[in-house]
Amino acid sequence: MKQRAPLTLAAVTAALAALTGVAALTAPAPAGGTSDGKAAASARMPVERSLLVCPGPSSSDIAETTYTSFTPGAAAGEGKGTARLLGATKDAKPVLEPKEPGKPVGATANGADAPALTGSADGVLAPGWTAQLTTKVSVGRARGVLGVGCTAPGTDFWFPAVSTAKGREDYLHLTNPDDAAAIVDITLFGPDGMAKADAGTGENIRVDAKSTKTVLLSSLLPATQLADATAHVTTRAGRVGASVQVAEENVGADWLPASTDPAGSLVLPGIPADATSVRLVAFVPGEEDADLKLRLAGPGGSISPAGSEQLHVKAGMTAVTDLKDLTRGEPGSLVLTPTDAKKAAPLVAAVRVVRGGGAKQELGFIPATRPVGARATVADNRPEENTTLLSLTAPGAEAKVKVTASPGTGGGEPASQEVTVKAGTTQTLTLAPAGGKGSYALTVETLSGGPVHAARTLSLPNDGITMFTVQGFSDDHSTVSVPKAAQDLSVLTR
């Protein structure tokens, strides 16, 4: 096992920045309280700057891509801000420039030249800033609807459900938003553990400043085919945005986002009601095996899938279980919990979902997600009937949430609805702005109870194929805890 260098102060700062944005950091209080004997206090403050990275949409010449950017609405008079998403090259021109919170902006690009994007937002546009790219390819090997949310750059990513098998093309997209080169390592784990790549092919991959690079995962293992594997992406220097684009012959294509960080219990929300195939892929990064209970949280409660009630995952090895047509006509979310709460080995997981059959199949991926938390947003939803479905799951306690549909990029009035999600269930709804035109954003806020996990399914049928993509919601970390102290020492930037 390689020994990693200890984290420097700069590295810690960068890692924190990737999660929280910009906030004023203040001097720590002396032990036992402040100098005047009063206990130190802290407050939640909006982040002052956010950074997003979007991968290059497609290599197809007939690809049609929509970019959407949105910041949840703020009260009048809260200040000004700027936001720009640029092509991931030096001297690139802006693709999207939101002007005010609460109003999404969109842009389109056609063909294989549509760029990867990097950008930042500050001031009133920074808290909760989100962006989405959605690509439709009508024919060919990459046929399908491919959707992915833009993410903050990071240093560590897990991708269960990748493949190097014949008939699959899994491209890892790495985008570097910074002014210095990033150095990346890729490690693949199959059912027998770590797969040995050709000498040096998965190590020290350079991603130049303000640029993007794609890596075909099967090129790392030319002599080995792994039908189901887990990819671990880390950086030795710098930080990147990372997503995997999958094309499967005769099935379809979509993005596979990174799983949430390893945890003992996981939720994979938003499995469509008409799924004809659901395959779960899980991986335990640590040294202890995981024994899991599998439950499907549906509209009426949670059930254990017949014949797949439990799953044993050996440490360091990718485990797979075929859940077939798990949902059987009702939408639901897969909940993984340890069979023994005292032995909760952290793991990562994702499901490969297929809708349709024969020549009319379409492919999608749902990784484990973080809870919605205080607030979360997914942009680029469509107002057309039956295109957008929101799934809300409360794996533990009952929860109450508020769902808001923004105006569309072409106008309309926002709409909102409060929803109670009973414990152990998944509730679904459709919500669109009144008179909305163009793409709109959906924002979910937790009012009480929880936690709540959420996902949005966007369906854009084409030639009898139910083309779709699923995007999960995760807490937007639009505020940070700031200690109250007399002296401001520095600012934290992501």
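Student: Residue-level account of the side chain of Thr-393, with values.
Tutor: Tracing the backbone shows Thr-393 in strand E30 (residues 388-394). Given a relative accessible area of 0%, Thr-393 falls into the buried group. Within the structure, Thr-393 has its side chain in polar contact with the side chain of Thr-426 (distance 2.8 Å). Apart from residues lying up to four places away in sequence, Thr-393 is in contact with Val-267, Pro-269, Ala-297, Ser-333, Val-421, Thr-425, Thr-426, Pro-451, Val-452 and His-453.

Student: Which residues make up the environment of Ala-415, and what values do they have?
Tutor: With respect to the secondary-structure elements, Ala-415 resides in strand E32 (residues 415-421). Taking the C-alpha atoms as reference points, Ala-415 and Thr-404, eleven residues apart in sequence, are found 5.7 Å from one another. Apart from residues lying up to four places away in sequence, Ala-415 is in contact with Val-403, Thr-404, Ala-405, Leu-431, Ala-432 and Pro-433.

Student: Can you break down the sheet that holds strand E28 (residues 362-367) residue by residue, with the values?
Tutor: On the basis of which strands lie adjacent, the open sheet formed by four strands has the order E25-E21-E27-E28 and antiparallel pairing. Because the sheet does not close on itself, it has two edges, and the strands there are strand E25 (318-324) and E28. Each neighbouring strand pair of the sheet contributes to a mean axis angle of 20°, computed without reference to strand direction.

Student: I'd like a description of the pairing of strand E17 (residues 229-237), backed by residues and values.
Tutor: Within E17, seven of the nine residues are buried, which leaves it mostly tucked inside the rest of the structure. Note that strand E11 (residues 156-162) and E17 share six bridges and pair antiparallel. Counted as the bridge partner of Asp-156 is Thr-234 from E17.

Cut-offs and rules
- Residues numbered from 1 in each chain as written.
- Predicted model: local features only at pLDDT ≥ 70, side-chain atom pairs only at ≥ 80, totals over all residues.
- Heavy atoms only, no water.
- Helix = DSSP H or I, 4+ residues; strand = E, 2+ residues; numbered from the N terminus.
- Buried < 20%, exposed > 50% of the residue type's maximum accessible area, 1.4 Å probe, protein only.
- Polar contact = N/O pair within 3.5 Å; in protein donor to acceptor, adjacent residues only side chain to side chain.
- Contact = heavy atoms within 4.5 Å.
- Pairing = 2+ DSSP bridges.
- Axes fitted to C-alpha atoms, helices over the stretch in contact; angles between N-to-C directions.

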